[in-house]
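What the coordinates show
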Amino acid sequence: MFFSRIGNVFFHQDQAKVCTALVRPLQVALALAVLSVSAPSCRGRKMSLFVQVCRNSGSMPHMPQGFVHIVSGEDDYLSGQRVQELKTAAFRTLPEAEIIELDAATCTAFDFDQAVSPSLLSDASIVLMSHGENMDEEVGTALVEYCQRFRKESNPVSIVIVRHNGSTKGSGIIKRAQKAGAVLDPIESLKKPDSRKNFVLHCCEKRKRRITPDAAQLIVDVLTDKTGEIAALCEQLCDDFPQDPISRNQVETYLSADPRVTGFNVADRAISGDVAQAVLGLRSSLAQGVDPLAIIGAIAMKIRAMAKASAVDRGTITPAEARMAPWQLRNARKDVRGWTSQGLGKCIQTAAWADEQCKSSGTDPLYAMEILVETLAKKGRISASDR
């Protein structure tokens, strides 16, 4: 392998094309000139052409301003898309960078400092930090110090992308980092029907397609705030129907005004406390041909997850002993708020009774399932007189 050097910058012959595309014309001319001459030894220094030349040129192209970006928003899909966009831009800026993923809830200040520092594998890194709302003070201080350190220096070693759920938790650290030079990317949730409809239109427009207003409205009415599913459906419609505009009849081949209700949908409605919607969803699910045992199984799975989350919160078991994915444990903790041990026990007993009624062809399996849904919606606080 042959290298040429201008000052402290080393150029590899195979990287000449990259150099030509990314640096200023004068630097390109100098680089190509020296590449034709035999180069001295690089003396063991392994430096990235892209990073070094951009540093000498005083700019790092493609990446939006700032080297610490904080994506803050409630919508998982929209926030995830923005993180992916920033990650792609960061790769264009640092093509040889190492990807390092950190969880702000569990990592330490040492982990962060190590992640943003050069390593044997790479001179630069792109650090993706999730759960910024759970960042502790030490990690937050390390993040702020990193922002301050490179606020005056335009060429930091690494790019950091922090994902925050948009809540007030951890907002103090986010504000300090922003004052120190971090760039905040607020992601607005699509809470209004009009904004969701505009999102449908945007999903089609970015694929250079059009959709009729009534077709877009049907998608919004059925999928409501499920932005990820909306985007996936729009992509599928654009692929399957080449004619413009996409019509309501075409959308109806994938959706109906009464969307399919699963056992998990029934469980979610019941846990939210909406008895009427939970019972309506149960009846719709059964009418659509869903197996009653599958519905009870989904409800029982939810109850078990909530019981494990409650045990973890009390310290009875550890998160590892719960054998749940982090997102499952997080959702179960959210669901179990306001519950008592007695209420969970009551729901477990009722689920076993409803399961028995369905398996043994009891006198009225539907009645047993409705009692289970009602018990779940009332957090187990139901007496015999309520039946």
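Keep in mind that what you see is a predicted model, and the values were worked out from it rather than measured. (Residues numbered from 1 in each chain as written. Predicted model: local features only at pLDDT ≥ 70, side-chain atom pairs only at ≥ 80, totals over all residues. Heavy atoms only, no water.)

Brief notes about the nonpolar core
Selection rule: Among the buried residues, those of types Ala, Val, Leu, Ile, Met, Phe, Trp, Tyr and Cys that are joined through side-chain atoms within 4.5 Å form a nonpolar core. Only protein chains enter the accessibility calculation, which uses a 1.4 Å probe; a residue is then buried when its area is under 20% of its type maximum, exposed when over 50%, and partly exposed in between. Numbering of helices and strands starts at the N terminus; helices are DSSP runs of H or I of at least 4 residues and strands are runs of E of at least 2. Should any heavy atoms of two residues lie within 4.5 Å, those residues are counted as being in contact.
Val200, Ile211, Ile219 and Val251 are the most contacted members of the largest nonpolar core, which has 38 residues in total. Counting only elements with at least two residues in this core, the list comes to α4 (76-93), β5 (125-130), β6 (159-164), α8 (193-205), α9 (213-223) and α10 (227-240). Top element by residues in this core is α9. It accounts for seven residues. Contact partners of Val200, with chain neighbours within four places excluded, come to Ile211, Ala216, Ile219, Val220, Ile230 and Cys234. Of all hydrophobic cores here, the second largest spans 27 residues; its members include Val68, Ala142, Ile173 and Ala182.

Looking at the environment of Ala232
Along the chain, Ala232 falls in helix α10. Ala232 sits in the partly exposed class, given a relative accessible area of 44%. Sequence spacing of Ala232 and Cys203 is 29 residues, and the spatial spacing of their C-alpha atoms is 9.2 Å.

Digging into a positive patch on the surface
Going by this rule: In this analysis, a patch consists of residues with relative accessible area above 30% that form no salt bridge, clustered at 9 Å for like charges and at 5 Å for the nonpolar side chains Val, Leu, Ile, Met, Phe, Trp and Tyr. Note that accessible areas follow from Shrake-Rupley with a 1.4 Å probe, and for residues the cover is restricted to the protein chains shown. For this analysis, a salt bridge means a side-chain nitrogen from Lys or Arg found within 4 Å of a carboxyl oxygen belonging to Asp or Glu. Counting rule for charge: Lys and Arg are taken as positive, Asp and Glu as negative, and neither His nor the chain ends is counted. Where a charge lies is defined by one atom per residue type, namely NZ (Lys), CZ (Arg), CG (Asp) and CD (Glu).
On the surface, a cluster of positive charge is made up of Lys169, Arg330, Lys334 and Arg337. Along the polypeptide, Lys334 turns up in helix α16 (residues 326-335).

Comments concerning the sheet that holds β6
Going by this rule: When DSSP finds two or more bridges between a pair of strands, those strands are recorded as paired. Whenever a helix is involved, its axis is fitted only over the stretch in contact; in every case the axis is a line through C-alpha atoms, and angles between N-to-C directions fall within 0 to 180 degrees.
The sheet built from five strands is open, its strands ordered β4-β5-β6-β3-β7 with parallel pairing. Single-partner strands in this sheet number two, and they are β4 (98-103) and β7 (183-187). Averaged over all neighbouring strand pairs, the angle between strand axes comes to 15°, with direction disregarded. With four bridges joining them, β5 and β6 adopt parallel strand pairing. Paired with Met129 across the two strands is Val162, which belongs to β6. Against the sheet, α4 contacts β3 (68-73), β4, β5, β6 and β7, and its axis sits at roughly 180° relative to β6. Contacting β4, β5 and β6, helix α5 (residues 109-116) runs over the sheet at an angle of about 150° to β5.

A look at unusual backbone geometry
With the exception of glycine, the majority of residues adopt a negative phi angle, and the majority of peptide bonds are in the trans configuration. Cis geometry is adopted by the peptide bond preceding Pro245, which originates at Asp244 and carries an omega value of -10°. Turning to its location among the elements, Pro245 is positioned in the loop between α10 and α11 (248-252). Unusually for a residue other than glycine, His131 sits at a positive phi of about 55°. Here His131 shows up in the loop between β5 and α6 (137-149).

Brief notes about the side chain of Ser310
Within the secondary structure layout, Ser310 lies in helix α14 (residues 292-314). The class for Ser310 is buried, based on a relative accessible area of 13%. For Ser310, the residues in contact, after removing those within four places along its chain, are Val336 and Leu344.

Side note on the confidence of the model for the chain
Rules: A residue's pLDDT is the predictor's confidence in that residue, given on a scale from 0 to 100.
Of the residues in the chain, 78% have a pLDDT of 70 or more, and the chain-wide mean is 79. In the predicted structure, residues 1-62 sits below a pLDDT of 50 and forms 82 contacts with residues beyond four places in sequence or in another chain.

A closer look at the pattern of salt bridges
By the definition in use, this model includes 13 salt bridges. Here Arg163 ties to Asp76 by a salt bridge, and the two come within 3.8 Å at their closest N and O atoms. Of the two residues, Arg163 sits in strand β6 while Asp76 sits in helix α4, which places them 87 residues apart along the sequence. Judged by relative accessible area, Arg163 falls into the partly exposed class, the value being 28%.

Let's talk about the packing of aromatic side chains
We count it as follows: Paired rings are identified among Phe, Tyr and Trp, the last through its six-membered ring, by centres lying within 6.5 Å, and are further divided according to the angle between planes into stacked (under 30 degrees), edge-to-face (over 60) and tilted (the rest).
Evaluation of the coordinates by the stated rule reveals two aromatic pairs. Judged by centre distance (6.5 Å) and plane angle (80°), the rings of Tyr77 and Phe199 are edge-to-face. In this pair, Tyr77 sits in helix α4 while Phe199 sits in helix α8, placing the two residues 122 residues apart along the sequence. Judged by its relative accessible area of 11%, Phe199 is buried. Seen from their ring centres, Phe112 and Tyr146 are 6.0 Å apart, and the 90° between their planes marks the pair as edge-to-face. With Phe112 in helix α5 and Tyr146 in helix α6, the pair connects residues that are 34 residues apart, well separated along the chain. Residue classification places Tyr146 among the buried residues on the basis of a relative accessible area of 1%.

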